[in-house]
Protein chains: 2
Amino acid sequence: MSSNVSNKCAFKHDLFVQFARVGKALSNGNRLELLEFLAQSERGVDELARISGLTVANTSQHLQQLRQAGLVLSRKEGLKVYYRLSGDDIITLLGTLRGVAERHVADVERLVNTYLTVKDSLEPIPRDELLERVKHDLVTVLDVRPPEEFAAGHVPGAVNVPLDELEQYLQKLDPELEAVAYCRGPHCVLAFDAVARLREKGLKARRMQDGFPEWKQAGLPVESGE
Amino acid sequence: MSSNVSNKCAFKHDLFVQFARVGKALSNGNRLELLEFLAQSERGVDELARISGLTVANTSQHLQQLRQAGLVLSRKEGLKVYYRLSGDDIITLLGTLRGVAERHVADVERLVNTYLTVKDSLEPIPRDELLERVKHDLVTVLDVRPPEEFAAGHVPGAVNVPLDELEQYLQKLDPELEAVAYCRGPHCVLAFDAVARLREKGLKARRMQDGFPEWKQAGLPVESGE
DNA sequence: CTACTATTCAATAAACTTATTGAATAGTTG
DNA sequence: CAACTATTCAATAAGTTTATTGAATAGTAG
């Protein structure tokens, strides 16, 4: 009985140690950023290194750790290795961790206030509401992510307008319609900048709630391709 | 413009570093266990040390880290310091992390199969279904947690039956009713043991989905007290 | 005010993590 | 088959984390 009890305690401890492997994978800012990039689309190592600003070797090391923790999977195509998230539940995990940090870590609140809320203190439009507006052609939806992320999947009817092309694109906008912009996630400056620019031009503009990965994971319709 | 771009990159990196603070807090098995204890009820340091098997100093250190990461809050009452979770979203975070580990970490699957699934491979009864059965007096609900956790909150109508009292309690059970047992979470051996014992006696018995914290956080009715 | 209790702090050693650098490996091309 | 490309591995130094131990702090009781 006594050895039975200690076996159970050891089992439970072992289980927590295993759960902690996922926590370890999420304990580094670089790995979190890599996960956010992979939430948009499958990517190769060299591309991930480039967009994250890490060396290829360092990127590869972090990806090994993410794979060991079960958060990503890989496939090889010729010389290139492509990484992807192991499931949509990783997006939920990232969103939950981000939400907890937003609510309970003062430094996060401070950073968000300093860089984001000053640009747009309005609440973003909820996904379901946006979907209704899209169905009734009541909005223009702008996806300000890089083209390859847009191609991998986007909100139906969205137009891919990287920020440096926004000026030119303005001429094609229906000024009667409200514009809604989205990016990779709820803290992507690009969506905030886009909204700020649109408002400067006198247009009604808002951000979408969260980013594209959350839209997709909520089971909402998705388009692919250019 | 260029300094603007690098400011934005620095901001985003800083944000991920802050998010990683939550990941760091979850990167140690002992801290995860402490969080599961706190999910049941507010506790003092000495009690947490006792039930987790850590020294008081070590427990205190881990609690400081959890507090710095925003996951717990504390209050002082005389000599004693009581810790509690900073919000129900921490329960969501723990559940999401656990779910990801269950699905994507082979060692977790192996541990669960070795210690739990062999005891009860039936699916646990979902919370909503249990609530309906409770309302219609169709089940007996057994809470196998320690009395102080039961007192802090439990499923309405549940009876607190620590495992070593189950034998005696059997005589009071209505053998016509199905028994449903629950504990601190989905991997608590006690709920599995209770179900195994009840079935040995010829009773219909199942586990409840997850544990009490998840029930409460789903907004389902809760009773307090003995 | 002293003695006690509960908790936290600080120093320490050992183990772990991180980024770097160069080597090794696997796949492709000519 | 040699040269090249893309990626991973291994060794390393520096920094961080963990548990321990004893000191320090805060609150209480007599």
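Residues numbered from 1 in each chain as written. Chains lettered and ligands numbered in written order. Predicted model: local features only at pLDDT ≥ 70, side-chain atom pairs only at ≥ 80, totals over all residues. Heavy atoms only, no water.

(A) Broad picture of helix α6 (residues 106–117) of chain A. Those residues of α6(A) that sit buried are A:Val108, A:Leu111, A:Val112 and A:Leu116. The buried residues of α6(A) all sit within an arc of 100 degrees when viewed along its axis, so they share a single face. (Buried < 20%, exposed > 50% of the residue type's maximum accessible area, 1.4 Å probe, protein only. Helix = DSSP H or I, 4+ residues; strand = E, 2+ residues; numbered from the N terminus. Arc of directions from axis to C-beta.)

(B) Representation of the relation of the copies chain A and chain B. Mapping chain A onto chain B leaves a residual RMSD of 0.0 Å; the transformation is a rotation of 180 degrees accompanied by 0.0 Å of translation along its axis. Between the two chains, the operation in question is that of a two-fold axis. Closest to the rotation axis within chain A is the C-alpha of A:Gly23, separated from it by 2.5 Å. Most of the interface of chain A is mirrored in chain B, where 100% of its interface residues are also at the interface. (Least-squares fit on C-alpha atoms with pLDDT ≥ 70 in both. Contact = heavy atoms within 4.5 Å.)

(C) Summary view of the protein's contact with DNA strand D. Within the structure, DNA strand D sits among 24 residues, and A:Ser60, A:Tyr83, B:Lys24, B:Asn30 and B:His62 are positioned closest to it. Taking all atoms of DNA strand D within 4 Å of the protein, the share assigned to sugar and phosphate is 67%. One of the backbone N or O atoms of A:Asp46 is found 3.3 Å from a phosphate oxygen in DNA strand D. Between B:Asn58 and DNA strand D, the recorded distance is 3.2 Å, taken from a side-chain N or O atom to a phosphate oxygen. Of all the secondary-structure elements, those providing two or more residues to the surface near DNA strand D are α3 (45–52), α4 (56–68) and β3 (80–85) of chain A together with α2 (29–40) and α4 (56–68) of chain B. Residues of the surface near DNA strand D, tallied by class, amount to eight nonpolar, 11 polar and five charged. (Near = heavy atom within 4 Å. Polar contact = N/O pair within 3.5 Å; in protein donor to acceptor, adjacent residues only side chain to side chain. Nonpolar A, V, L, I, M, F, W, Y, C, P; charged D, E, K, R; others polar.)

(D) The interface of chain A and chain B, seen in detail. Facing 51 residues of chain A, the contacting portion of chain B comprises 51 residues. Both faces considered, chain A and chain B share a buried interface measuring about 4,400 Å² in area, 72% of it formed by carbon and sulfur atoms. If you sort the residues of chain A by the area they bury against chain B, A:Phe11, A:Phe16 and A:Phe19 come out on top, with a joint share of 15%. Here chain A is connected to chain B by six salt bridges. For A:Asp107, the salt bridge identified is with B:Arg21, shortest N-O distance 2.9 Å. (Buried area = accessible area lost by both parts, 1.4 Å probe. Salt bridge = Lys/Arg side-chain N within 4 Å of Asp/Glu carboxyl O.)

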